[in-house]
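# Structural overview for review
Now for the letters of each chain:
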There are 2 protein chains.
Amino acid sequence: MPMNKQQVINSLINEVSVPNKEFGSAFASTNIALCKYWGKRNAELNLPMTSSLSISLGHLGACTKIGFAAGTTDQYTLNNAAVSENTVFYRRLVEFLDLFRPTADTVFSVTTQTNIPVAAGLASSACGFAALVKAMQDLFAWPLSLEQLSILARLGSGSASRSFWDGFVQWDAGVREDGMDSFAYSLEQEWSELRVGLLHIDNKPKGCSSREAMQATVETSPFYKLWPQTVANALTVTKQAIIDRDFWSLGATAEANALAMHALMLSTTPAIVYTQGATLDCMRQVWCARAEGLNLFFTQDAGPNLKLLFLSKDEAKVKELFAQVEIVAPFATITKPVECLHD
Amino acid sequence: MPMNKQQVINSLINEVSVPNKEFGSAFASTNIALCKYWGKRNAELNLPMTSSLSISLGHLGACTKIGFAAGTTDQYTLNNAAVSENTVFYRRLVEFLDLFRPTADTVFSVTTQTNIPVAAGLASSACGFAALVKAMQDLFAWPLSLEQLSILARLGSGSASRSFWDGFVQWDAGVREDGMDSFAYSLEQEWSELRVGLLHIDNKPKGCSSREAMQATVETSPFYKLWPQTVANALTVTKQAIIDRDFWSLGATAEANALAMHALMLSTTPAIVYTQGATLDCMRQVWCARAEGLNLFFTQDAGPNLKLLFLSKDEAKVKELFAQVEIVAPFATITKPVECLHD
């Protein structure tokens, strides 16, 4: 049976929450999809057309603190600046908070610190909504599993469903209309040598949100019909590559899947192009380096920045090629960012 | 019945040609596809997966003169420079000439002048092979129709089949295995206000030939299966737009079709990217101008250069936006380029 967001939430949190403390706080890692989520089967519940697979980025993500405020409107502070009520960001947060108010006149105060650029294709909304849901769980003491929290976060931002675990995470598309089978889970595979290199090409907020972009793609790309099978194939190959520790297969599949997603966007009307000249330059550098024998691949999300994929043994070579690269070791022991130490 | 190139030619030219003059010469316009040719159903005979539709560029193209030479190897002069026997260009020409030698020891001398850059996505091989076939007809006095010449030129380069007419030209994919139904013809529609603006972004020869690129696309793009229907739809809309003089429909369809072709290439493994940073900048300028009300579109072929589409009334505005644009009026009375005046 189709449900709306409130019905989904009510089915998980079945009694009025009584806060057991003044505020809740939590950190959630951002995640980078190796097999992309692009297109929804249900826009209200953020149910995806396809399953997807991501890698979490350890210490990179969002810290969120939620408590209560006086007054009539929610307060939202993002990276030390008050977010104005007239912004899309603010409205999106408040719409989500509306689903969780214990009483109609509850007013929230939300403070978020990120150590990644916001709305620049670095999944800031993924870690943002995941951290918010975890902070709310901390505040309200919900007796929910991570999979259930994943469903709640999905209602805010699809890819947020994947930000509850370290390492490789799969988010199942599911088939149910209420989406209760569309949540993420850990693949429970460690690959300590794996590295992700962030190439910050342009961290200005993007012109077209992923949400709008994927909707336009589904509606107008002449090739979208073949996307579900394309991702399904990529998922099968990627999961086997993880099990086999076959880095070439993992990297090649991730790069091809990202380019196929951007190909879909290019074929959308009007065309959606997140790529910039500098993005192309970096892609060509990767291809040249690979032609010369370096096991280096990239993936790209809804922004101009690239994320490099390589193994620890090639760190020095990658740094030589891209002096500005920010290297993440996804399987290193995670040290919580300093902003979260007040927890 | 499948045939090879020689059998196709023999079926059209059924007696040994006796040259009636010392040399033959001809000019052929280059052409820009509005509905693209990308992918072959038969690589030997250059039979396309889809029909395509082009506009010829009037005075822009190739002048070719063919005669006989002493010695043992063909002589090929392109834009006043001898082409070395070790180049792909030379080998491709000689392979084609092999199909037309009256005797085994015939040696040809071919001189070609183009007024467009070579191998930079401006269909130099299209006008090159068309001019060569016309020059051979002049030399050998073949009693062939333009449609039959179109078949001969197609054996050299698929898009050359479209360079025998001014204005709008359609090249039918055909269904026959021998390709005798895969030739081009004029749509016999004039649209005198139509303008094509050439934006020369980078005229260096491309790294990957269209021939190799389209083959790789057919073999590896996960979306290629939907390309034939995409082009078929674009053809229907474009032909109606030409009849209705509906410029918006013509331009929007051409731009979407070009981007869909480049999307296919982006989804090919390894990815094929002809686009450069400056190409993206020009695209974005076009999109901005259009958002501000200018009826301006682009198309892009296997190279970084863009071809703008607009109407004569907007010439001044387009020149203001793109100072470097070279404007072609495809339906103006064609003055043969000066290099051909020796005919």
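Residues numbered from 1 in each chain as written. Chains lettered and ligands numbered in written order. Predicted model: local features only at pLDDT ≥ 70, side-chain atom pairs only at ≥ 80, totals over all residues.

## Comments concerning the overall build of chain A
Our working rule: Strands here are runs of E lasting at least two residues and helices are runs of H or I lasting at least four, both read from the DSSP assignment and numbered beginning at the N terminus. C-beta atoms are first placed from the backbone for all residues, and any pair lying within 7 Å is then listed as a contact.
The number of helices and strands found in chain A is 9 helices and 13 strands. Projected onto the principal axes, the alpha-carbon positions of chain A cover approximately 60 × 45 × 40 Å. Here the analysis covers contacts within chain A between residues at least 6 apart in sequence; of these, 74% occur between residues at least 24 apart.

## Topic: the sheet that holds strand β10 (residues 194-199) of chain A
Strand pairing in a sheet is mediated by backbone hydrogen bonds. Such pairs are either parallel or antiparallel. Residues and elements named next belong to chain A. Operational definition: If DSSP finds at least two bridges between two strands, the strands pair. Under this scheme, a helix contributes an axis fitted over its contacting stretch, all axes are lines through C-alpha atoms, and angles between N-to-C directions fall in the 0 to 180 degree range.
Strand order in the open sheet made by the 4 strands is β11-β12-β10-β13, with antiparallel pairing throughout. Two strands lie at the open edges of the sheet, namely β11 (297-300) and β13 (326-328), each paired on one side alone. On average, adjacent strands in this sheet sit at an angle of 30° to one another, irrespective of strand direction. In this sheet, strand β12 (residues 306-311) lies alongside β10 in antiparallel orientation, the contact comprising 6 bridges. Directly across from Gly197, in β12, lies its bridge partner Leu308. Lying over the sheet, helix α8 (residues 277-291) contacts β10, β11 and β12, oriented at roughly 155° with respect to β11.

## Here we look at the relation of the copies chain B and chain A
For the record, the criterion: Residues below a pLDDT of 70 in either copy are left out; the C-alpha atoms of the rest, at least 70 in both, set the least-squares superposition of the copies.
Rotating chain B by 180° and translating it 0.0 Å along the rotation axis places it on chain A, where the RMSD comes to 0.0 Å. The operation mapping one copy onto its partner corresponds to a two-fold rotation axis. For chain B, the minimum C-alpha distance to the rotation axis belongs to Gly277(B) and amounts to 1.8 Å. Interface overlap between copies is the fraction of interface residues in one copy that are interface residues in the other; for chain B against chain A it reaches 100%, indicating a shared surface.

## Regarding the sheet that holds strand β13 (residues 326-328) of chain B
Residues and elements named next belong to chain B. Taking strand neighbours across the sheet as the criterion, the 4 strands line up as β11-β12-β10-β13 in an open arrangement whose pairing is antiparallel. The open sheet has two edge strands, β11 (297-300) and β13, and neither has a second partner. In this sheet, adjacent strand axes meet at a mean angle of 30° when their direction is disregarded. Here helix α7 (residues 247-266) sits on the sheet in contact with β11 and β12 (306-311), set at roughly 35° to β11. Sheet strands in contact with helix α8 (residues 277-291) are β10 (194-199), β11 and β12, and its direction is about 155° off that of β11.

## Topic: the interface of chain B and chain A
Stated precisely, the cut-off is as follows: Residue polarity follows a fixed list, in which Ala, Val, Leu, Ile, Met, Phe, Trp, Tyr, Cys and Pro are nonpolar, Asp, Glu, Lys and Arg are charged, and the others, Gly among them, are polar.
Each partner contributes to the interface: chain B provides 21 residues, whereas chain A provides 21 residues. Residue assignment for the side of chain B that touches chain A shows that the elements contributing at least two residues are α7 and α8 of chain B. No other element matches α7(B), which puts 7 residues into the side of chain B that touches chain A. Split by residue class, the side of chain B that touches chain A holds 12 nonpolar, 7 polar and 2 charged.

## Observations concerning helix α4 (residues 146-156) of chain B
Residue and element names in this part refer to chain B. Spelled out, the test is: Buried residues are those with 20 or more other C-beta atoms within 10 Å of their own C-beta, exposed residues have 12 or fewer, and partly exposed residues lie in between; C-beta atoms are placed from the backbone.
Among the 11 residues of α4, 8 are classified as buried, and the element is accordingly described as predominantly covered. Taken residue by residue, α4 has Leu149, Ser150, Ile151, Leu152, Ala153, Arg154, Leu155 and Gly156 as its buried positions. The inward-facing, buried residues of α4 contact α1 (5-12), α2 (88-98), α3 (124-140) and β9 (184-186).

## Structural notes on the pairing of β12(B)
Strand residues, when the strand is regular, have side chains that alternate between the two faces of the sheet. Residues and elements named next belong to chain B. Burial analysis of β12 places 5 of its 6 residues in the buried class, which makes it a mostly covered element. Note: β11 against β12, 4 bridges, orientation antiparallel. By the bridge assignment for β12, Phe297 is matched with Leu309.

## Re the packing of helix α6 (residues 227-244) of chain A against helix α7 (residues 247-266) of chain A
All names here are of chain A. The following threshold applies: Small angles under 35 degrees read as roughly parallel and large ones over 145 as roughly antiparallel, with 65 to 115 read as roughly perpendicular and the rest as oblique. Put simply, a crossing is left-handed when the front helix is turned counterclockwise from the back one by less than a right angle, and right-handed when it is turned clockwise.
In contact at an axis separation of 9 Å, α6 and α7 are set at 160° when each is read in the N-to-C sense. The pairing of α6 with α7 is recorded here as roughly antiparallel in orientation. Crossing geometry of α6 relative to α7 is assigned as left-handed. When α6 is examined against α7, the residues Trp227, Thr230, Val231, Ala234, Val237, Thr238, Ala241 and Ile242 are found in contact with a partner set consisting of Ser249, Leu250, Thr253, Ala254, Asn257, Ala260 and Leu264. Split by residue class, the contact of α6 with α7 holds 10 nonpolar, 5 polar and no charged.

## Remarks on the environment of Thr333(A)
Residue and element names in this part refer to chain A. Mapping Thr333 onto the fold places it in the segment after β13. With 8 C-beta atoms packed within 10 Å, Thr333 lands in the exposed category. It is 9.8 Å that separates the C-alpha atoms of Thr333 and Asp166, two residues lying 167 residues apart in sequence.

## Quick word on the pairing of strand β5 (residues 75-78) of chain A
All names here are of chain A. Burial of the side chains of β5 is restricted to one face: Tyr76 and Leu78 are buried, whereas none of Gln75 and Thr77 on the reverse face is. Alignment of β5 against strand β7 (residues 108-114), held across 4 bridges, turns out to be parallel. By the bridge assignment for β7, Thr77 is matched with Thr111. Sheet topology places β5 next to strand β6 (residues 81-82); 2 bridges connect them, and they run antiparallel. In the strand pairing of β6, Leu78 is matched with Ala81. Counting the residues in the hairpin turn of β5 and β6 gives 2 residues, including Asn79, whose phi is positive at 50°.

## Observations regarding unusual backbone geometry
Cis geometry marks the peptide bond from Thr269(A) to Pro270(A); its omega dihedral reads -10°. Here Pro270(A) is to be found in the loop between α7 and α8. Phi angles above zero are rare outside glycine, and Glu188(B) is one such case at about 50°. Of the residues examined, Glu188(B) has 9 C-beta atoms within 10 Å and is grouped as exposed.

## Things to note about α7(A)
Basically, it comes down to this: For a helix, the expected span equals 1.5 Å multiplied by the number of residues minus one.
When the terminal C-alpha atoms of α7(A) are compared, their 28 Å separation across 20 residues agrees well with the 28 Å that a helix rising 1.5 Å per residue should span. Most of α7(A) sits inside the fold, with 16 of its 20 residues counted as buried.

## Structural notes on the packing of helix α3 (residues 124-140) of chain A against helix α4 (residues 146-156) of chain A
Residues and elements named next belong to chain A. Axis separation between α3 and α4 bottoms out at 9 Å; the angle between their running directions is 130°. As summarised for this structure, α3 and α4 are arranged oblique, according to the angle between their axes. Judged by the twist between their axes, the crossing of α3 over α4 is right-handed. In this structure, α3 uses Phe129, Ala130, Leu132, Val133, Lys134 and Gln137 to contact α4, whose residues at the interface are Leu149, Leu152, Ala153 and Gly156. Of the residues assigned to the contact of α3 with α4, the class counts are 7 nonpolar, 2 polar and 1 charged.

## Here's the deal with the confidence of the model for chain A
Operational definition: pLDDT expresses, on a scale from 0 to 100, how confident the predictor is about each individual residue.
Of the residues in chain A, 93% reach a pLDDT of 70 or more, and the chain-wide mean stands at 93. Here the predicted complex carries an ipTM of 0.91, next to a pTM of 0.93.

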